[in-house]
Amino acid sequence: MRFKEAGAFLNIDLGALVFNWEGMRRYISPSSRCGAVVKSDAYGLGAEKISSALYRAGCRDFFVAYLSEGIALRRVIGDSGRIFVLHGFFSGTEREFTRYKLIPVLNTIEQIEGWLLYTQKVGHRFPVALHFDTGMSRLSFSRQDQEFLFGEGQDKLKLLEVVLVMSHLANGDIQGDKKNEEQLNLFRDIRDKVSKILGYSPEYSLSATAGIFLGKEYLFDLCRPGLGLYGIYPYIGLEDKILLRPVVSLYAKIIQLQRAHIGQSVGYGSSYSFTREGIIATVCLGYADGFLRSLGNKGYGSICGKQVPVIGRISMDLTTFDVTEVPSKDLYIGQEVEIIGPHNTIDFLANSGGTIPYELFTNIGDRYYRRYKNEEKLFSVDRK
Ligand SMILES: *Cc1c(COP(=O)(O)O)cnc(C)c1O
């Protein structure tokens, strides 16, 4: 998408990204190191630019979900730096993991057995991570798996070259929740058992963004923030502990303005009708761009600081706003409506649409013209 044909602009401030990573890195040091979760195209913001900026800032531990994301990332960051693939591997892809120096996160007994089959065939051990369940009941070694691995399956563990052992908090964003402490204690127990069986101590990792701020005991060797890097607080109140700068703003152009008379309805299903005279602005973004359909008659934009409500349903490529209250000097074709920005935060938008910032971000379409800010500044101070 070229600038002159674009209907909407996604601004991504790489300076703010690095500021946030640095802030968290300092917060957890020296006891723990700060990695970066860049799965799902770095939460929709562009894994290549995001990872490259973080690498240059000093980040050396990256987490992606899929093999393909890992391969793309390896091309970006070069030979050094560790890339963990959270889903582990699917049978038949083992060779690509070793070829691109990707570390599979093994989550099931089948993955362990498959990996051992492969490494024994090629006669070489390669580094792996192990993911244990402590309360998510999602992808990771279940209770039964753990009984097996700490019992009769011990020998399998011993055959692996384990570099990282991890778990994931279910309620990290709820401070004081009993479950966090439960998971912490289970993870400590796992740590002791694994280290004893292996006869060496791999690194341990428990916390994503929210967990980092639960207390020092949650940090272990490596943290795995995603959301915080992108400038979003996982819960209200965290502002007191760390300053995160917003990374993303989104603006969409007005493509048409029209007067509305009393009783005039707007959009599919005529779900909105004017009860007074007004002005409708049609704007270049829709649910195909990730502007969720649930924001119909609920979301807001902002023009020169003046809040404007979404009226009618969201279409695939277009959205209509009531701009009656905006001074006429600020109303013209091509005017950019702030969709996410200083007057309209992503939290507010997500709330209005009944969702969370994660979902809004990862739905960001690829029809936006992307403007990466502060790239030159970062890359001129290349620190190895
Ligand atoms: C996505 C994810 C993270 C990052 O979580 P944030 O809340 O975005 O910081 C960390 N660890 C695992 C296992 C994840 O799936």
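Everything in this summary refers to the structure shown in the same document. Once a new chain begins, its residue numbering starts again from 1 and follows that chain's sequence as written. Two thresholds apply to this predicted model, a pLDDT of at least 70 for residue-level local features and 80 or more for giving and counting side-chain atom pairs, whereas whole-chain, interface and lining totals are computed over all residues. As a rule here, side-chain values cover all heavy atoms of the structure and leave hydrogens and water aside.

### Focus on the nonpolar core
Okay, step 1: Ranked by internal contacts, the top residues of the largest apolar core, which has 117 residues, are V38, I50, L54, L160, Y230 and I339.
Okay, step 2: At seven residues, the largest contribution of residues to this core is made by helix α1 (residues 14-28).
Okay, step 3: Source of the domain bounds: an automatic or database domain assignment. Residue assignment places this core across two domains, with domain 1 (14-230) and domain 2 (248-353) each supplying three or more.
Okay, step 4: Residues A260, F274, I280 and I311 belong to the second largest nonpolar core, which totals five residues. Nonpolar cores are built from buried Ala, Val, Leu, Ile, Met, Phe, Trp, Tyr and Cys residues. Side-chain atoms within 4.5 Å join them into one set. Exposure categories follow from relative accessible area, calculated using a 1.4 Å probe and restricted to protein chains: below 20% of the type maximum is buried, above 50% is exposed, and the middle band is partly exposed. In this description a helix means any DSSP run of H or I spanning at least four residues, a strand means any run of E spanning at least two, and both kinds are numbered starting from the N terminus.

### Let's talk about the pairing of strand β7 (residues 127-131)
Okay, step 1: Among the five residues that make up β7, four are buried, leaving the element largely enclosed by the rest of the structure.
Okay, step 2: In this sheet, β7 lies alongside strand β6 (residues 102-106) in parallel orientation, the contact comprising two bridges. Bridging from a neighbouring strand, V105 pairs with A129 of β7.
Okay, step 3: Crossovers are marked right-handed if the path from the first strand over the helix to the second runs clockwise, as seen with the strands pointing away from the viewer. Viewed along the sheet, the connection from β6 through helix α6 (residues 109-122) into β7 turns out right-handed.
Okay, step 4: For β7 and strand β8 (residues 161-166), the ladder comprises five bridges, and the chain directions are parallel. Within the sheet, the bridge partner assigned to A129 lies in β8 and is L164. Note on pairing: two strands pair once DSSP finds at least 2 bridges between them.

### A few points about the pairing of strand β11 (residues 248-260)
Okay, step 1: Note: strand β1 (residues 8-13) against β11, five bridges, orientation antiparallel. Bridged to A8 within β11 is A252.
Okay, step 2: Where β11 and strand β18 (residues 336-340) come together, four bridges link them in antiparallel fashion. Opposite K253, over in β18, you have E336 as the bridge partner.
Okay, step 3: In this sheet, strand β14 (residues 278-283) lies alongside β11 in antiparallel orientation, the contact comprising six bridges. Considered in β14, the bridge of Q258 is made with I280.

### Section: the site of the ligand
Okay, step 1: Neighbouring the ligand are 13 residues, the closest being K39, Y43, T209, L227 and Y358.
Okay, step 2: Definition of a polar contact: a pair of N or O atoms within 3.5 Å, with one able to donate and the other able to accept a hydrogen when the atoms are protein atoms, and with sequence-neighbouring residues admitted only if both atoms are side-chain atoms. T209 is positioned with one of its side-chain polar atoms (N or O) 2.5 Å from an oxygen atom of the ligand.
Okay, step 3: Within the contact set of the ligand, an oxygen atom lies 2.8 Å away from a backbone nitrogen or oxygen of L227.
Okay, step 4: Areas reported as accessible are Shrake-Rupley estimates using a 1.4 Å probe. Residue values count occlusion only from the protein chains shown. Here the ligand has 390 Å² of accessible area as a free molecule, and 90% of this is covered by the chains.
Okay, step 5: Under the convention adopted here, Pro, Cys and the residues Ala, Val, Leu, Ile, Met, Phe, Trp and Tyr are nonpolar, Asp, Glu, Lys and Arg are charged, and Gly plus all remaining residues are polar. Looking at the shell around the ligand residue by residue, the classes come out as seven nonpolar, three polar and three charged. In these notes, residues near a molecule or strand are those with any non-hydrogen atom within 4 Å of it.

### A closer look at the packing of aromatic side chains
Given two aromatic rings, one states the distance between the centres and the angle between the planes to describe the pair.
Okay, step 1: Paired rings are identified among Phe, Tyr and Trp, the last through its six-membered ring, by centres lying within 6.5 Å, and are further divided according to the angle between planes into stacked (under 30 degrees), edge-to-face (over 60) and tilted (the rest). Per the stated rule, a full pass over the model turns up 18 aromatic pairs.
Okay, step 2: Ring geometry for F97 and W115: centres 6.3 Å apart, planes at 85 degrees, overall edge-to-face. Here W115 lies in helix α6 and F97 lies in helix α5 (residues 94-99), a separation of 18 residues in the sequence. Taken individually, F97 and W115 each receive the classification buried, so the pair is uniform in this respect.
Okay, step 3: Here the aromatic rings of F187 and F220 are separated by 4.9 Å at their centres, their planes lie at 80 degrees, and the arrangement is edge-to-face. Pair noted here: F187 is in helix α9 (residues 178-198) and F220 is in the loop between α10 (209-212) and β10 (222-223), with a separation of 33 residues, a long-range link.
Okay, step 4: With a relative accessible area of 12%, F220 lands in the buried category.
Okay, step 5: Connected via pairs of aromatic rings, a cluster forms that spans F89, F97, W115, Y118 and F126.

### Regarding the packing of α1 against helix α3 (residues 47-57)
Okay, step 1: Angles shown run from 0 to 180 degrees and are taken between the N-to-C directions of axes, each axis being a line fitted to C-alpha atoms and, for helices, limited to the stretch in contact. Relative to each other, α1 and α3 sit at 50 degrees, their axes nearing to 10 Å. Between α1 and α3, the angle falls in the class oblique. For α1 against α3, the interelement crossing comes out right-handed. On α3, the residues touching L14, L17, V18, W21 and E22 of α1 are K49, I50, A53, L54 and A57. Orientation labels follow simple angle bins: below 35 degrees gives roughly parallel, above 145 gives roughly antiparallel, 65 to 115 gives roughly perpendicular, and whatever is left gives oblique. With the far helix as reference, a near helix turned anticlockwise by less than a right angle produces a left-handed crossing, and one turned clockwise produces a right-handed crossing. Should any heavy atoms of two residues lie within 4.5 Å, those residues are counted as being in contact.

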